[in-house]
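Examining the three-dimensional arrangement
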Amino acid sequence: MNGLLATFERELRAYFVSPLAWIILTGFLFVQGVVFGYIAWVLLGDPMSAGRVAPLSIFFGGFFFWPIMLFVAPILTMRLLAEERRSGTIEMLMTAPVSEAGVVVGKYLAVVVLWLFLWLPTLVYALVLDYHGDVDWGPVASSYLGVILIGALFLAIGLFASSLTRNQIIAAVITFAFLLLLVLSVVGAFLARDPVVQEILGYVNVVQHMDELGRGIVDTRRLVFYLSTIGFFLFLTTRALAARKWR
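Residues numbered from 1 in each chain as written. Predicted model: local features only at pLDDT ≥ 70, side-chain atom pairs only at ≥ 80, totals over all residues. Heavy atoms only, no water.

Attention now moves to the packing of helix H4 (residues 65-77) against helix H7 (residues 100-119). Interaxial distance between H4 and H7 falls to 11 Å at its minimum, and their mutual angle equals 140 degrees. The orientation of H4 with respect to H7, classified from their angle, is oblique. The way H4 lies across H7 gives a crossing that is right-handed. Seen from H4, the contacting residues are Phe65, Met69, Val72, Ala73, Leu76 and Thr77; seen from H7, they are Val111, Leu114, Trp115, Leu118 and Trp119. Taken together, the residues that form the contact of H4 with H7 break down as ten nonpolar, one polar and no charged. (Axes fitted to C-alpha atoms, helices over the stretch in contact; angles between N-to-C directions. Helix = DSSP H or I, 4+ residues; strand = E, 2+ residues; numbered from the N terminus. Parallel < 35°, antiparallel > 145°, perpendicular 65-115°, else oblique. Left-handed = near helix turned anticlockwise from the far one by under 90°. Contact = heavy atoms within 4.5 Å. Nonpolar A, V, L, I, M, F, W, Y, C, P; charged D, E, K, R; others polar.)

Right under this line is the structure:
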């Protein structure tokens, strides 16, 4: 446990002491601000849409939402283990009194905290809308739950990709490709003819999951999917580190 906490603190400090986290935060909030402003301007400026379509329902799960998710997760995770391998510090880390699982979970928790830190300021958008009208906080809360769950899954996949290579760019490309396939499962579910294939693709369809959560629908099957899949990728990352340790 001490090794896990030490890894967590070391990684979190590395994010916030370096300019990386602040550059990412600034860029992230700038893009999110532009997206939200555009959505609010279009919807609230259209009498036919005002009152029928909530800006937050498009902000969470709309066209602009997925590119942001697809690009931010690889950027946050690409250096976690790839940079350790490139610089050679992975050897020192592996000989320290901390298990592979402690290293993986410590780094994972640090990047999840950073993910939450990025999204926390966006609560202002809901508060602004609530100030100018009524906001249904149930769907807002479930939307943020979706952001946390999907983000946590994407980060777990990114951490695993980072354990496979010493090149950060390659790690980011692997992560992006895998996440893109996951998001595009919505197309496969739509085109599939076989009911079994449709059911499988529907189960992993993160776009559909986010749509449900955006409408305030929280299905426990989705929670099981995310928690189990996150655990699976963290396990794979641990095994990848263990395999390298014995080379």
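Inspection of the entire model under this criterion finds five salt bridges. We note a salt bridge from Glu11 to Arg79, for which the minimum N-O separation is 2.8 Å. Taken together, the residues Glu11 in helix H1 (residues 2-17) and Arg79 in the loop between H4 and helix H5 (82-87) connect sequence positions 68 residues apart. The class for Arg79 is buried, based on a relative accessible area of 19%. Residues joined by salt bridges that share partners form a network here, namely Glu11, Arg79 and Lys107. (Salt bridge = Lys/Arg side-chain N within 4 Å of Asp/Glu carboxyl O. Buried < 20%, exposed > 50% of the residue type's maximum accessible area, 1.4 Å probe, protein only.)

Looking at the secondary structure, you find Ile24 in helix H2 (residues 20-44). Along the backbone, Ile24 and Ile75 are 51 residues apart, and their C-alpha atoms lie at a distance of 8.7 Å. In this structure Ile24 touches Ile75, Leu76 and Leu118, once residues within four positions along its chain are discounted.

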